[in-house]
Amino acid sequence: MMHACPDSATGGAPATCPVIAMRDGELQRQLHHALESLAASRLRCGQLEAQLQAGHRREHQQRHLAEHDDLTGLFNRAAFRTRVQQALAEDNRVAVLMLDLDGFKQVNDNHGHAAGDEVLRIMAARIGHALRSGDVVGRLGGDEFACLLRNVAGSEQLTVLARKLALSIASPMHVAEGRVSLLASLGMAVSPTDGNSVDTLLATADAAMYRAKRLRKRQGVTPPCDGHEPVSERTDAVLARP
Ligand SMILES: Nc1nc2c(ncn2[C@@H]2O[C@H](COP(=O)(O)OP(=O)(O)OP(=O)(O)O)[C@@H](O)[C@H]2O)c(=O)[nH]1
């Protein structure tokens, strides 16, 4: 059966429309085919979207692995350095606080390596809790941690933080059915006073930390001292300068 359909090209005059002219069965077959293609396309779109999301997840995981320390979940040394670099490019006053546990080796020796791992995880969490939400914490290796503080207001803020950290770290913990109480030696450097590069800031904070450690060892300081004295000395010395 032939149908007439309006044709705008002929000014609305009826014209023969070959598609409509097909048999109803043929139209249904083509409609069915079109719907099948549509369903297949939707399925393919869904599969592509899932593949894309899996790719993004893999990329995110790989980036996370590349930037984070497995044991504590903190930034690793390279990622921490990158954050310091970014902070120096954006902020005037950036402080790096370096921290190394004292006598940590004894934990491994006395309680086992797994207990040592647990202590490192607990210390990482304690350091994170002591900081503001925008601050950055990294584990530079072994029992050495570093904090990056941006928009540092002044020496008082750093002194308060150093004491808070030292006290938090020193509080006893229970691991492997034993009680562990450790101190940490801290050192810090502030830009621009102590330098404007990642290397200088980290090296200055590191040197300050080792001075604090040497001092502590000379003094034979042991827990339950809160361990902040060398830090406040260092803080005052750094921030007293114009
Ligand atoms: N459990 C555990 N131990 C580690 C890890 N990484 C490093 N260590 C150990 O941590 C210790 C760090 O060495 P030191 O800093 O010299 O030990 P310390 O007793 O703290 O010495 P001081 O800093 O001089 O007080 C070494 O014994 C390492 O084997 C780790 O991921 N897990």
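So, here is what we can say about the structure in this document. Everything numeric here is computed off the predicted structure, so don't read it as measured data. (Residues numbered from 1 in each chain as written. Predicted model: local features only at pLDDT ≥ 70, side-chain atom pairs only at ≥ 80, totals over all residues. Heavy atoms only, no water.)

**As for the overall build of the chain**
As a reminder of what qualifies: For the purposes of this entry, the term helix denotes a DSSP run of H or I that reaches at least four residues, the term strand denotes a run of E that reaches at least two, and both are numbered from the N terminus. Each residue is placed in one exposure class: buried if its accessible area under a 1.4 Å probe, protein chains only, is under 20% of its type's maximum, exposed if it is over 50%, and partly exposed if it falls in between. The contact criterion used throughout is that any non-hydrogen atoms of two residues lie within 4.5 Å. Reported accessibility uses the Shrake-Rupley method at a 1.4 Å probe radius. Residues are deemed covered only where the shown protein chains occlude them.
Broken down by element type, the chain carries seven helices and eight strands. Put simply, the chain has 242 residues, and 40% of those count as buried. When contacts within the chain are restricted to residue pairs at least 6 apart in sequence, long-range pairs at least 24 apart make up 66% of them. Accessible area for the chain stands at about 13900 Å²; split by element, carbon and sulfur atoms hold 54% of it.

**Observations concerning the environment of L48**
In this structure, L48 sits in helix α1 (residues 24-67). For L48, a relative accessible area of 41% corresponds to the partly exposed category. For the pair formed by L48 and A153, sequence separation is 105 residues and the distance between their alpha carbons is 50 Å.

**Focus on unusual backbone geometry**
The omega torsion across S191 and P192 is 0°, close enough to zero to call that bond cis. By secondary structure assignment, the location of P192 is in the loop between β8 (184-190) and α6 (198-219). A positive phi angle, close to 50°, is found at N151, a residue other than glycine. The topology assignment puts N151 in the loop between β5 (144-149) and α5 (155-170). What makes N151 exposed here is its relative accessible area of 54%.

**Notes on the pairing of strand β4 (residues 136-141)**
Just so we agree on the cut-off: Strands are treated as partners if at least two bridges between them are detected by DSSP.
For β4, the tally of buried residues reaches five of six residues, placing the bulk of the element in the interior. Adjacent in sequence and paired antiparallel, β4 and β5 are bridged by two residues, among which G142 carries a positive phi angle near 45°.

**Side note on a nonpolar patch on the surface**
This is how it is decided: What goes into a patch is any residue over 30% in relative accessible area without a salt bridge, connected to like charges within 9 Å or, for nonpolar side chains (Val, Leu, Ile, Met, Phe, Trp, Tyr), within 5 Å. Each reported salt bridge corresponds to a side-chain nitrogen of Lys or Arg within 4 Å of a carboxyl oxygen of Asp or Glu.
Where nonpolar side chains cluster on the molecular surface, the patch consists of L31, L35 and L38 and spans about 290 Å² of accessible area. Position of L31 relative to the elements: it lies in helix α1.

**Regarding the sheet that holds β4**
Put simply, the test is: Interaxial angles span 0 to 180 degrees and are taken between N-to-C directions of axes, which are lines fitted to C-alpha atoms, for helices over the stretch in contact.
Strand order in the open sheet made by the four strands is β4-β5-β3-β8, with antiparallel pairing throughout. Edge positions in the sheet fall to β4 and β8, since each of these pairs with one other strand and no more. For this sheet the average axis-to-axis angle between neighbouring strands, irrespective of direction, equals 20°. The sheet contact formed by β4 and β5 spans five bridges and is antiparallel. Considered in β5, the bridge of V136 is made with L148. Against the sheet, helix α4 (residues 113-130) engages β3 (95-101), β4 and β5, with an angle of about 15° to β5.

**Quick word on the nonpolar core**
Most often, soluble globular proteins have nonpolar side chains that are buried together. Quick reminder of the rule: Only buried residues count toward a nonpolar core. Its members are Ala, Val, Leu, Ile, Met, Phe, Trp, Tyr and Cys residues joined through side-chain atoms within 4.5 Å.
Ranked by internal contacts, the top residues of the largest apolar core, which has 34 residues, are L99, L101, V119, F145 and L165. Counting residues per element, the ones that place at least two in this core are β3, α3 (104-111), α4, β5, α5, β6 (173-175) and β8. By residue number, the principal contributor to this core is α4, which donates seven residues. Look past the residues within four positions of L165 in its chain and what remains in contact with it is L97, L99, I127, A130, C147 and L186. Residues M98, L140, V198 and A205 belong to the second largest nonpolar core, which totals 19 residues.

**Section: the site of the ligand**
This is how the line gets drawn: Nearness is judged by heavy atoms alone; a residue qualifies as near a molecule or strand once a single heavy atom is within 4 Å of it. Polar contacts, as used here, are pairs of N or O atoms within 3.5 Å; protein pairs need one atom able to donate a hydrogen and one able to accept it. Residues neighboring in sequence count only if both atoms are side-chain atoms.
The environment of the ligand is made up of 17 residues, and the closest members are G103, D117, R139, K213 and K217. Between K105 and the ligand, the recorded distance is 2.9 Å, taken from a backbone N or O atom to an oxygen atom. Within the side chain of K217, one N or O atom sits 2.6 Å away from an oxygen atom of the ligand. Relative to its unbound accessible surface of 650 Å², the ligand loses 66% to contact with the protein. Contributing elements (two or more residues each) for the shell around the ligand: β3, α3, α4 and α6.

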